[in-house]
Amino acid sequence: MSSPHAHRYTPLEGEALVAHNMKVLRKAARLSQEDLAERMTRLGFKFHQTQIAKIENGTRLLRFDEVVGLAKALNVPAAHFMTEAVAGPDEPDYELQEAGYRVQKAEQEWKTAHDIEQGARSRLDEAEREYDEIADRLAAQGVNVGQDTGPEWYPAPNSPWDPLRKGPSDGQ
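Residues take numbers from 1 onward in each chain, read along the sequence in its written order. Predicted model: local features are reported for residues with pLDDT of at least 70 only, side-chain atom pairs are reported and counted for 80 or more only, and whole-chain, interface and lining totals are derived from all residues. Heavy atoms throughout the structure, all of them, feed into the side-chain values; hydrogens and water do not.

Draft legend 1. A look at helix α1 (residues 14–28). Numbering goes from the N terminus for both helices and strands, where a helix is a DSSP run of H or I of at least four residues and a strand is a run of E of at least two. To estimate the expected span of a helix, count its residues, drop one, and scale the result by 1.5 Å. With 15 residues, α1 extends 21 Å between its outermost C-alpha atoms, agreeing within 8% with the 21 Å of an ideal straight helix rising 1.5 Å per residue. Listed in full, the buried residues belonging to α1 are L17, V18, A19, N21, M22, V24, L25, R26 and A28. Directly beyond the C-terminal end of α1, a positive phi value near 60° is found at R30. Relative accessible area decides the class of each residue, using a 1.4 Å probe on protein chains only: under 20% of the type maximum gives buried, over 50% gives exposed, and in between gives partly exposed.

And the structure:
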């Protein structure tokens, strides 16, 4: 019985394997050669788009630390990057790889949005705590802070509750 991933293994070895994987993974991630060179530069390597092109066409040799850097820049485990050929554009798994990158990107976007939400929740909790402390301090000084009904708040400008906000029916 053959492995369901048997078609992934190709006779590529060494730098040819890394170049193949780099090109396929770069394209699956929808990165240009310039984008990958920029990622490598951010990792501390002085890379240019032409170096990426030369690596992909097999005319530039790679150092081991560059291979590890490329794997990191492409968000793949270095061991896998150096030992197993990923699916090429003509193989059935290629579409799945592309979808996997989209899932990764969406997960990162979700995590970022979640972090933003948590930060906003924390700022709201802190603002409410500060408001309550000030209200308590003023009440202790005999200032009527309207604890029974609370202060009258005006909606924030352009918030959904702002009566002066132009809505969808107002031509916006």
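Next comes the rest of the account.
Draft legend 2. Region of the structure containing the pattern of salt bridges. Every case where a carboxyl oxygen of Asp or Glu lies within 4 Å of a side-chain nitrogen of Lys or Arg is listed as a salt bridge. Considering all chains together, one arrives at 8 salt bridges under this definition. E66 serves as the salt-bridge partner of R63, at 3.5 Å between the closest nitrogen and oxygen. Judged by its relative accessible area of 48%, R63 is partly exposed. In this structure, E126 and R129 form a salt bridge, with 2.2 Å as the shortest nitrogen-oxygen distance. In this pair, E126 and R129 both sit in helix α6 (residues 93–140), 3 residues apart, roughly one turn of the helix. The exposure class assigned to R129 is partly exposed, which follows from its relative accessible area of 38%. Salt bridges here are not isolated pairs; linked through shared partners, they connect R60, R63, D65 and E66.

Draft legend 3. Spotlight on the environment of G44. As for its placement among the helices and strands, G44 is situated in the loop between α2 (33–42) and α3 (49–56). Sequence separation between G44 and E66 is 22 residues; the distance between their C-alpha atoms is 10.0 Å.

Draft legend 4. Structural context of the side chain of N21. Within the secondary structure, N21 is located in helix α1. Assessed through its relative accessible area of 0%, N21 is described here as buried. The contacts of N21, once residues within four sequence positions are left out, are R26, H80, F81, E84, A85 and V86. The criterion used for residue contact is that any of the two residues' heavy atoms lie within 4.5 Å.

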